[in-house]
Every structure is written in structure tokens, then in C-alpha cells.
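# Architecture at a glance
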Amino acid sequence: MQSSMMEKLSFLYKPYVLAVLTIGYIAGELGHYLIGVTSKATAIELDYGDQACQQNHTDFLRHELPAQCAEFIIEHECHQQHINGTVYCEWNYNGLGLEYQLLAGPSFIAVFTVMGVVLGVAADRYNRVRMLFVCTLVFAVAILLQGTVKEYWHLILLRMVMAAGEAGCNPLATGIMSDIFPESKRALVMAIFNWGIYGGYGIAFPVGRYITKLDIGGLGWRVCYYGTGVLALIMAVLTGTTLREPERQSIGEDAAGKAKINLVKVLLQPRVLLLVLAASIRHSGGMTFAYNADLYYNIYFPDVDLGWWLFAVTIGIGSIGVVVGGIVSDKVVAKMGIRSRVACLAISQLLATPFAFGSVYFEPLWAMITLGISYFFAEMWFGIVFAVLVEIVPLQVRSTTIGVFLFVMNNIGGNLPILVDPLAKAIGYRGSVMFFYAGFYGISTVLFFITMFFMDGPKPEETAATIGHDPTSHANHVEMGHENNTFQPDDYLPSPHANGHTPNGHRNIVSVRPSESSRL
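Residues numbered from 1 in each chain as written. Predicted model: local features only at pLDDT ≥ 70, side-chain atom pairs only at ≥ 80, totals over all residues. Heavy atoms only, no water.

### Things to note about the pattern of salt bridges
Counted by the stated rule, this structure contains six salt bridges. Residue glutamate 45 pairs with arginine 222 through a salt bridge whose shortest N-O separation is 2.8 Å. With glutamate 45 in helix H2 (residues 13-46) and arginine 222 in helix H11 (residues 222-242), this pair connects stretches of sequence that are 177 residues apart. Residue arginine 209 pairs with aspartate 305 through a salt bridge whose shortest N-O separation is 2.8 Å. Pair noted here: arginine 209 is in helix H10 (residues 196-214) and aspartate 305 is in the loop between helix H13 (270-300) and helix H14 (307-336), with a separation of 96 residues, a long-range link. Its relative accessible area of 12% is what places arginine 209 among the buried residues. Here the salt bridges share partners, and the residues they tie into one network are Arg128, Asp179 and Glu245. (Salt bridge = Lys/Arg side-chain N within 4 Å of Asp/Glu carboxyl O. Helix = DSSP H or I, 4+ residues; strand = E, 2+ residues; numbered from the N terminus. Buried < 20%, exposed > 50% of the residue type's maximum accessible area, 1.4 Å probe, protein only.)

### Description of the nonpolar core
Core analysis: the biggest nonpolar cluster contains 135 residues, and Leu21, Met177, Tyr297, Leu371, Trp381, Phe386 and Phe405 have the highest contact counts within it. Ranked by size, the runner-up nonpolar core spans 11 residues in total, among them Leu65, Cys69, Phe72 and Cys78. (Core = buried A, V, L, I, M, F, W, Y, C linked by side-chain atoms within 4.5 Å.)

### Thoughts on H10
If you check H10, its first and last C-alpha atoms are 26 Å apart, about what 19 residues at 1.5 Å a residue would give, namely 27 Å. Taking the largest bend as the criterion, H10 deviates by roughly 30°, centred on alanine 204, and proline proline 206 comes between one and four positions later. Counting buried residues in H10 gives 15 out of 19 residues, a clear majority hidden from the surface. Immediately beyond the C-terminal end of H10, within one or two residues, lies aspartate 215, with a positive phi of roughly 50°. (Expected span 1.5 Å × (residues − 1). Bend = angle between axes of the 7 residues up to and from the residue.)

### Some thoughts on the packing of aromatic side chains
What the rule picks out here adds up to 20 aromatic pairs. For the ring pair tryptophan 221 and tyrosine 225, a centre distance of 5.8 Å and an interplane angle of 85° mean the geometry is edge-to-face. Between phenylalanine 435 and phenylalanine 440, the aromatic rings sit 5.6 Å apart at their centres with planes inclined by 70°, giving edge-to-face as the arrangement. Residue class for phenylalanine 435 comes out partly exposed when judged on its relative accessible area of 40%. Three or more aromatic residues joined by ring pairs form one cluster here, namely Phe289, Tyr296, Tyr297, Phe301, Tyr375, Tyr437 and Tyr441. (Phe/Tyr/Trp six-rings, centres within 6.5 Å; stacked < 30°, edge-to-face > 60°.)

### Describing the side chain of serine 280
With respect to the helices and strands, serine 280 occurs in helix H13. A polar contact of 2.6 Å, which involves the side chain of serine 280, links it to the backbone oxygen of valine 276. Apart from residues no more than four positions distant in its own chain, serine 280 is found in contact with Val408, Met409, Ile412 and Gly413. (Polar contact = N/O pair within 3.5 Å; in protein donor to acceptor, adjacent residues only side chain to side chain. Contact = heavy atoms within 4.5 Å.)

### Re the packing of helix H15 (residues 338-359) against helix H16 (residues 364-378)
Here H15 crosses H16 at 160°, and the two axes come no closer than 7 Å. Comparing the axis directions of H15 and H16 gives the class roughly antiparallel. Considering how the two elements wind past one another, H15 and H16 form a crossing that is left-handed. Facing H15, whose interface residues are Ser348, Gln349, Leu351, Ala352, Phe355, Ala356, Gly358 and Ser359, H16 presents Ala367, Thr370, Leu371, Ile373, Ser374, Phe377 and Ala378. In terms of residue class, the contact of H15 with H16 is built from nine nonpolar, six polar and no charged. (Axes fitted to C-alpha atoms, helices over the stretch in contact; angles between N-to-C directions. Parallel < 35°, antiparallel > 145°, perpendicular 65-115°, else oblique. Left-handed = near helix turned anticlockwise from the far one by under 90°. Nonpolar A, V, L, I, M, F, W, Y, C, P; charged D, E, K, R; others polar.)

### A word on the packing of helix H8 (residues 169-180) against helix H18 (residues 398-415)
Contact geometry for H8 and H18: axes closest at 9 Å, N-to-C directions at 140°. Relative to H18, the element H8 lies oblique. Note on packing geometry: the crossing formed by H8 with H18 is right-handed. Facing H8, whose interface residues are Asn170, Pro171, Thr174, Gly175, Ser178 and Asp179, H18 presents Arg398, Ser399, Ile402 and Leu406.

### A short note on the state of the cysteines
On inspection of all chains with the given rule, the structure shows two disulfides. The disulfide partner of cysteine 53 is cysteine 78, and the gap between their sulfur atoms is 2.1 Å. Judged by the torsion about the S-S bond (85°), the cysteine 53/cysteine 78 disulfide is right-handed. Of this pair, cysteine 53 sits in strand E1 (residues 51-55) while cysteine 78 sits in helix H3 (residues 75-79); the two residues are 25 residues apart in sequence, bridging distant segments of the chain. Residue cysteine 53 is classed as buried on the basis of its relative accessible area, which comes to 7%. (Disulfide = S-S within 2.5 Å.)

### Remarks on unusual backbone geometry
In this structure, aspartate 47 is a non-glycine residue whose phi angle is positive, near 60°. Here aspartate 47 lies in the loop between H2 and E1. In this model, aspartate 215 sits at a positive phi of 50°, which is unusual for a non-glycine residue. As for its position among the elements, aspartate 215 is in the loop between H10 and H11.

Set out below in C-alpha cells:
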């Protein structure tokens, strides 16, 4: 009876796996981005970063002030600003400065990118579910302990530990999902999972802003980290106790080849190099907005609370964009090949670019409207990129390639936003954000468009004549898939009967074992 019930519920396992992996990723990214929202409160308590004159009284609007607080660079002048005896400026830590930049960017990125490669290599050789359990447990404990810190260097160290654990999430989870979901759903699944980056970032706005203000138990910002750490711990337990390691499947262009793979040749393919360059530029644009959104809107609109707006746009509209992008890519890929996925990337970023400019040009209302439209198209990109990547690289080096891909993408995308500050000194903060945010969206559009021409297009229909003389034989019943002979090494010599060519010159798609080719 119990066995029969389990069989009836087995159809829920795949969406359950996706849910566990995605929520765990969201928890990790929430821990990653919380510092950008809680930094001012954290800096005041831990004494780090810059101090500046800031508006402290929300009852006053910008146009009501005789002078803007940011104009004063001397502390005693800052304290002298008042309206009818009510001081509206304060001199305090603003959460910015070199210490914040090190905390938010390099300390995390340095460990995250290196460990991503290491764990990607390990994922091709060891049990991925067990490794993911350990990784999730590591970053969960690190996030939890961030709520207990007493010194700035404690926070730096724990963010490095958190990065080491979170680095395994993408390569490990991507490998697991690509082995249990069919090609027809792969882009949507990857999009939903990788949306965890933006989900965690979006949730950080209300969590970091409003829970900190509630000052629950007098703990202030620390409650944000305690809650996030507990959620991550729960997902670690579910990962380790309820998920099982799937059989490794050959997919996409690797579906028929078992030859030894040269990793360097795979990574140096023009299409892989172009894809990682385009993705790095696009990621840099997204990270520029992620690192500067809260600061930008607080500087230009200090009397307007946009926390819930940013949450709604990121979570609501961004979610719709992720799903639509995955569905569109999955629907057209069967007809147009992998090239169609890259076409979706180029078109979506092209549509997002002008609205991204609007989100940092207009006043709050229209800034949020254009940001929403931009997010709808812009957030289609991440899942599709990895759906393309897993389909153009061989099984043997899939997780390793993802790790290297993330290493390059995160180093470029995570570090280029540092240039926002020097450019801002030359052309202004708004212009600098426009260039690195919306401008990089536009550049990535061009690069994705070029990359599209290096991908395989639609495959010609195979006929019984091209497959063999006996269309009813078991050996000739093949699954229509992607041709996968791209990565055969120079010393691989196929047998005369397995050269993949038929007398009429067509390439045959080699039959694979049912356990490798079945897509449920």
C-alpha cells in the first residue's frame, strides 16, 4: 500500500527538487545581498566605512529643506541645520566607503569564483547531492553567525566562508537538474532556479529595511541574518535527507559521444568564449544596479521610500520575465535549435535596454514603471544562458565548464562595478550608473547577437533512408537530438560502421542507451 502511494506521488518529485534547490539558492543570495541594505545600520554598530551629513527626519520633504544635508562636509555645520528648531541633519556612518566595497564585492567574489571552479570539477566526479548538502550547510551557518559579529573583520571572514559554500550551488544544482528534467523544460527550469539570485536580491530590500527598523528584541539588523540562516539550515537538511543523486545523463550535443574530452578545447570554442563574454558584460550591468540601487534612489530621492516598489518589481515582474523567457526558449528551440535560445537572449536584452535607461533617468513613479518593464525582459537571460551552456558542452566536463564559466562571469561582472565611482567623479553618479547598468545591457545585446551565429541551427529531418535500410530495426530507432560529434579528440578513430555517415552523405544521430536518452 505504501509503495503504491509513493508511486502515485512520484510525479511530484521533480518539482519538489526544483523547489528545494531554488529556495536554498534564494536563501544564499539573500544572505549575500543583505549587506547592501543593512550596511548603514551595520556600519553604525561595527564602526566601519565613511561618515557623512545625512537627512534624518522623514517628516520633511526635499523641497521643504532650506539646504540639502549632503552639501555639508563639516560635522558641526551639519548639526546646525534645522527648521523651526528641529534639526533635520545628522553626521553618522552612511554604510559606504572602502570597507563597504571590500565587504560587498572582493571579499565575497574572490572566494566565490575560486571555489566555484573547484566544486565544479569535484561535481563531475563525486555525489552532487551530498556535496550540495555540505555547501548549503556551510553558507547557512555562516549567514547565521553574521548576526552575532562584534567586529568588522568577523563580518569579512564570515562572508568569505559564506561565499565558499554558496559557490557550489549553481554548478551542483545545474548538473542535478539537467539530469532529471527533459530538454523541452530545461530553459524554464534553469530560469526558475537562477532567478534565485534576483529573488534573494529583491527580498533583501524589505527584509533589510523594515525588519531592521522593527528592532525585534533590540537586535535590529541582526534578526535579518538569524532568520535567513535558519531558512538556509532547513533547506540544507531537506537537501541532504530527501534528495537523491540522479543518474548522469548525456544531453544536447553530448547525447551520443563517449570519447575522452579535452577540457581546454571545449572552453576555447569561439561560441563558448563569446557566450561567456556576453554573459559577463550582462552580469556586470545587473551587478551595477544591484550594488547601487538602494544608494542611488536614497541619494536622489531621500524622501521617497522605494523599498516595497523595488521588492515588487524584482520579485513580481522579474518572476514573470523569468518564466516567460524559459517558456519561449523551450518552445522555439525544438524548431530552431540552440541558436534560438541565444536569439531569445539578444532580443530580450535589446528590449530591456531603453527601459533600463529610463529607470535611472525619470522621477520615482516613472523610474519604477520603466524598471518594471526592463525587468520583465532583462531577467529572461540567466536561465537561458545556462540552458545553452549545458547543451553545447559534453557530459564529462559539464559541471567543470559551468564552474569556469561562473568564475569568469563573476570576476568580470562582480568587479567591473567598482569603476562606477571613478567614472561618477568625471560625469556624475547618475551618468556613471547609466553607463555601467543600461549601457552594458546594450553591449551584451550586440555580443549575444554575434554569438547566435556560432550556434547550431535547426537540424534537418532524418528519414528512414538516411538512417538505414531497415527503418523498423531497434538499432535505428533514435531520439531526434543535437549532433554531438563536436568534441571528438584528434586520436579518436571511429569504426567503419560507426562513422556517423550514411552513403548519401547525411550524418546519423547515434542511438544511445534508453537509460541515457529517456526524457520523462
